[in-house]
Every structure is written in structure tokens, then in C-alpha cells.
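Topology and contacts: notes
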Amino acid sequence: MAVIVLNLGNVYIGVRINQWNRAFYNALQMFDAMELLRQVGIFGILVMFAVLISVSALYLSQLLQIRWRRWLTKRYLAAWLADRAYTSYS
């Protein structure tokens, strides 16, 4: 569930960066130095959240994959070793 929420957060940050582009280039076009500096600060915050969310999503996704593979391996090994099933192939 956390991986899904983090991926949705990534999409939200992407939308916010698109909105930021509009505000940044409007300030640039109007030669508004204060607004331009404000937008640079906002961009820094957006990038910080984007990196944090992306790294967290990647970590949790890989953790989920590892746990799932361990569970699957244990399950198949247990089924294969149960009742000496491996000897029936000889």
C-alpha cells in the first residue's frame, strides 16, 4: 500500500512541477526578481520531496520484491522436499 501511495505522491509532485514551470516562466517574462527567487525556492522544495518520495518508493518496492521471492522460494522448496517428492523423477 505504501508503494502505491508513494507512486501517487510522485505523480502529484510531477503535476506541481508542471504548475511551477508556468509560474517561473511568467515571473521571468515579467522581470519580477522577487517572484523569480521565490519560485527557485519552491523548486528546491519540490525537488527535495520528489527525491525523497522516489528513493522511498524504490526502497520499499525492492524490499517487497525480496520478501516475496523469499516466501516463494520457501514455499516451492517445502513442496518439493515434502514426502520426498524429488525422488519421483528418477
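We now turn to the structure provided with this report.

Analysis parameters
- Residues numbered from 1 in each chain as written.
- Predicted model: local features only at pLDDT ≥ 70, side-chain atom pairs only at ≥ 80, totals over all residues.
- Heavy atoms only, no water.
- Phe/Tyr/Trp six-rings, centres within 6.5 Å; stacked < 30°, edge-to-face > 60°.
- Buried < 20%, exposed > 50% of the residue type's maximum accessible area, 1.4 Å probe, protein only.
- Helix = DSSP H or I, 4+ residues; strand = E, 2+ residues; numbered from the N terminus.
- Expected span 1.5 Å × (residues − 1).
- Contact = heavy atoms within 4.5 Å.
- Axes fitted to C-alpha atoms, helices over the stretch in contact; angles between N-to-C directions.
- Parallel < 35°, antiparallel > 145°, perpendicular 65-115°, else oblique.
- Left-handed = near helix turned anticlockwise from the far one by under 90°.
- Nonpolar A, V, L, I, M, F, W, Y, C, P; charged D, E, K, R; others polar.
- Salt bridge = Lys/Arg side-chain N within 4 Å of Asp/Glu carboxyl O.

1. Overview of the packing of aromatic side chains
A complete count under the given rule lists 3 aromatic pairs for this structure. Judged by centre distance (5.2 Å) and plane angle (80°), the ring pair of Phe24 and Tyr25 falls under edge-to-face. Looking at Tyr25, the relative accessible area reads 48%, which means it is partly exposed. One aromatic cluster is present, formed by Trp20, Phe24, Tyr25 and Phe43 through successive ring pairs.

2. Examining helix α2 (residues 33-81)
The first and last C-alpha atoms of α2 sit 72 Å apart over 49 residues, in line with the 72 Å expected at 1.5 Å per residue. Residues of α2 that are buried: Gln39, Leu46, Ala50, Ile53 and Ala57. The elements touched by buried residues of α2 are α1 (2-29). Of the residues one or two after α2, Asp83 is the one with positive phi, at around 55°.

3. Topic: the packing of α1 against α2
A pair of packed helices is characterised by two quantities: the angle between their axes and the separation of those axes. Two elements in contact, α1 and α2, have axes separated by 9 Å at closest approach and are oriented at 160°. One way to sum up the angle between α1 and α2 is to call them roughly antiparallel. Relative to α2, α1 is oriented so that their crossing is left-handed. Of the residues belonging to the contact of α1 with α2, the class tally is 20 nonpolar, 7 polar and 2 charged.

4. A word on unusual backbone geometry
Only a minority of non-glycine residues have a phi that is not negative, and only a minority of peptide bonds are not trans. Even without being glycine, Phe31 reaches a positive phi, approximately 55°. Inspection of the secondary structure assignment puts Phe31 in the loop between α1 and α2.

5. Brief notes about the pattern of salt bridges
According to the stated counting rule, one finds 1 salt bridge in the structure shown. Here Glu35 and Arg38 are joined by a salt bridge, their closest N and O atoms 3.1 Å apart. Highlighted residues: Glu35 and Arg38, both in helix α2, separated by 3 residues, approximately one helical turn.

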